[in-house]
Amino acid sequence: MSLTAKDKAAVTALWAKVSGKADEIGHDALNRMLAVYPQTKTYFSHWKDLSPGSAPVKKHGKTVMGGVAEAVSKIDDLTSGLLNLSELHAFQLRVDPANFKILSHNILVVLAILFPTEFTPEAHVAMDKFLSALSLALAEKYR
Amino acid sequence: MVEWTEFERATIQDVFSKMNSDVVGPQALARCLIVYPWTQRYFGNFGNLYNAAAIMGNPMVAAHGKTVLGGLDRAVKNMDDIKGTYAELSVLHSEKLHVDPDNFRLLADCLTIVVAAQMGAGFTPAVQAAFQKFIAVVVSALGRQYH
């Protein structure tokens, strides 16, 4: 299910509208991930505070969305574009790739809440495909 | 048996009482058919599903969306025995409709997103957790009679 030209255009267009709130999106998506899928908290035992609004969650939301922004800019070749991030996740972070799907879902939920008009079904399918492709590229170096 | 906290019970009743089911059902089903186009395999007699606009405007999709949400209401009213409440529906989806149970998860995700868009900030992480737990129980009950 690779990204068509139409998908890439839709993702780029949507990103242009939402990127101003990237930090907020990342923060809210992480909050939701930790609340709705408590097993994801296992990756953050080194943070003292995992409650919504805590400093480490906020900061990490920013970091994650920075990665998403980078992926948008490299949408024509995600695999090579995200090589460094893939190595980071594969060898250091070792996040089970199943969790990429979980975070992706929560990003979509936040987009629906913050941008109900812009997050049309067409934007939704393009974004879902993009986040899936991103997740695949991120898992590239795992084995 | 599923254990529900007071917060979860109250949240589910609240979310569904406020929900405009005539809008949410059709929108969720339409999104499912658009975002996961392979789900269209079950709707061969629904006419024009050729593109997003056609799906959104299709009256059979809208009608069926309302039917599905009506089914969900049964679970809302019987939270302490969703498994029993859905036994017949599960047999129907397995024996007669031959729906791959994975599709229930796909529709559930679309429903979550549509409800989130409707409720806005009111769909807090805690509300989302309760809602997704409820939906997961429904999905599990629907898949239970498959063999």
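Just so you know, these numbers come straight off a predicted model, no measurement behind them.

> What is the right way to read the overall build of chain B from this model?
Looking only at helices and strands, one finds eight helices and zero strands in chain B. The linear arrangement of helices and strands in chain B, starting from the amino end, is α-α-α-α-α-α-α-α. Its C-alpha atoms give chain B a radius of gyration of 15 Å, near enough to 15 Å, the size a compact globule of 147 residues would have. In terms of overall dimensions, chain B has C-alpha extents of about 45 × 40 × 20 Å along its principal axes. Here chain B, with 147 residues, has 47% of them falling under the buried criterion. A separation of at least 24 residues holds for 74% of the contacts in chain B among residues at least 6 apart in sequence. When the accessible surface of chain B is totalled, it reaches about 7,400 Å², and 56% of it is carbon and sulfur.

> Looking at this structure, I do not really get the nonpolar core. What am I missing?
Core analysis: the biggest nonpolar cluster contains 77 residues, and Phe130(A) and Phe134(B) have the highest contact counts within it. In this structure Phe130(A) touches Leu3(A), Val11(A), Val68(A), Ala71(A), Val72(A), Ile75(A) and Leu78(A), once residues within four positions along its chain are discounted. Counting 16 residues, the second-largest nonpolar core is a separate cluster that includes Leu33(B), Phe46(B), Ala52(B) and Val61(B).

> Hey, could you run me through the interface of chain A and chain B in this one?
Much of the literature gives interface size as the accessible area that the parts lose upon coming together. Taken together, the 21 residues of chain A in the interface contact 21 residues of chain B. Of the roughly 1,700 Å² buried at the junction of chain A and chain B (both faces included), carbon and sulfur atoms supply 66%. Across the chain A-chain B interface, the total number found is zero salt bridges. At the boundary of chain A with chain B, the tally comes to seven residue pairs in polar contact (both at pLDDT 80 or more). Broken down by secondary-structure element, the contributors of at least two residues to the side of chain A that touches chain B are α2 (22–36), α6 (98–114) and α7 (121–138) of chain A. Of the residues that constitute the side of chain A that touches chain B, the class distribution is twelve nonpolar, five polar and four charged.

> When you look at the UniProt feature "domain: Globin" (unreviewed entry) in chain A in this model, what are you seeing that I'm missing?
The UniProt record annotates "domain: Globin" (unreviewed entry) at residues 2–143 of chain A. Spanning residues 2–143 of chain A, this segment combines 69% helix with 0% strand, and its end C-alpha atoms are found 21 Å apart.

> What exactly am I supposed to notice about the layout of surface pockets here?
Where empty space is left becomes clear once a probe the size of a water molecule has been rolled over the atoms. Its volume calculated, the largest pocket comes out at about 1,000 Å³. Looking at the largest pocket, it is lined by 40 residues, and the ones nearest its centre are Lys101(A), Asp128(A), Ser132(A), Tyr36(B) and Asp109(B). At the level of secondary structure, the elements contributing two or more residues to the lining of the largest pocket comprise α4 (78–81), α6 and α7 of chain A together with α7 (102–119) and α8 (125–143) of chain B. The dominant element in the lining of the largest pocket, judged by the number of residues it contributes, is α7(A), at ten residues. Looking at the lining of the largest pocket residue by residue, the class counts come to 25 nonpolar, nine polar and six charged. Considered as a void within the structure, the second largest pocket measures approximately 750 Å³ in volume.

> Hey, could you run me through the confidence of the model for chain A in this one?
It should be kept in mind that the predicted coordinates are not to be read in detail where pLDDT is low. Across chain A, the average pLDDT comes to 96, with 100% of residues at 70 or higher. Of all secondary-structure elements in chain A, the lowest mean pLDDT belongs to helix α5 (residues 83–93) of chain A, at 95, while α7(A) reaches the highest, 98.

> Whenever I open this one, the packing of aromatic side chains confuses me. Can you help?
Two measures describe an aromatic ring pair: the distance that separates the ring centres and the angle between the ring planes. Residue and element names in this part refer to chain A. Summed over the entire model, instances satisfying the criterion amount to nine aromatic pairs over all chains. Here phenylalanine 44 and tryptophan 47 contribute two aromatic rings whose centre-to-centre distance is 4.5 Å and whose plane-to-plane angle is 25°, an arrangement assigned as stacked. Among the residues examined, phenylalanine 44 registers a relative accessible area of 10% and is labelled buried. Classification of tryptophan 47 as buried rests on a relative accessible area of 17%.

Calculation rules
Within each chain, residue numbers correspond to sequence positions counted from 1 in written order. Lettering of chains starts at A and numbering of ligands starts at 1, both following the order in which they are written. Given that the model is predicted, a residue must reach a pLDDT of at least 70 before its local features are reported, and side-chain atom pairs must reach 80 or more before they are shown or counted; all residues, however, enter totals for whole chains, interfaces and linings. The side-chain values count all of the structure's non-hydrogen atoms but skip hydrogen atoms and water molecules. Runs of E in the DSSP output that reach at least two residues are strands. Runs of H or I that reach at least four are helices, and both are numbered from the N terminus. As defined in this context, the radius of gyration uses C-alpha atoms, and a globule is described by 2.2 Å times the residue total to the power 0.38. Three exposure classes are used, based on accessible area relative to the maximum for each residue type with a 1.4 Å probe and protein chains only: buried under 20%, partly exposed in between, and exposed over 50%. Pairs of residues are marked as contacts when any of their non-hydrogen atoms sit within 4.5 Å. Note on areas: these come from Shrake-Rupley sampling with a 1.4 Å probe, and a residue is covered only by the protein chains present in the view. Take the buried residues of types Ala, Val, Leu, Ile, Met, Phe, Trp, Tyr and Cys, join any two whose side-chain atoms come within 4.5 Å, and each joined set is a nonpolar core. Once two parts are put together, the accessible area they lose, assessed with a 1.4 Å probe and summed over both, is termed the buried area. We count a salt bridge whenever a side-chain nitrogen from Lys or Arg sits within 4 Å of a carboxyl oxygen from Asp or Glu. Counted as a polar contact is a pair of N or O atoms within 3.5 Å, where, for protein atoms, one must be capable of donating a hydrogen and the other of accepting one, and residues adjacent in sequence contribute only when both atoms are in side chains. Throughout, the ten residues Ala, Val, Leu, Ile, Met, Phe, Trp, Tyr, Cys and Pro are labelled nonpolar, Asp, Glu, Lys and Arg are labelled charged, and all others, Gly among them, are labelled polar. UniProt positions are given in the numbering used here, feature names are shortened, and annotations may be inferred rather than shown by experiment. Buried and open spaces are told apart on a 1 Å grid over the protein atoms alone, a cavity being a set of points where a 1.4 Å probe fits but cannot get out and a pocket being an open set with protein on both sides within 12 Å along at least five of seven lines. Residues with an atom within 4 Å of a point are the lining residues. Grid points are joined across faces, edges and corners, and a volume is the space filled by probe spheres set on the points. For every residue, the pLDDT score states the predictor's confidence, bounded by 0 at the bottom and 100 at the top. Between 30 and 60 degrees the pair is tilted, below 30 it is stacked and above 60 it is edge-to-face, where a pair is any two Phe, Tyr or Trp rings, Trp via its six-membered ring, whose centres lie within 6.5 Å.

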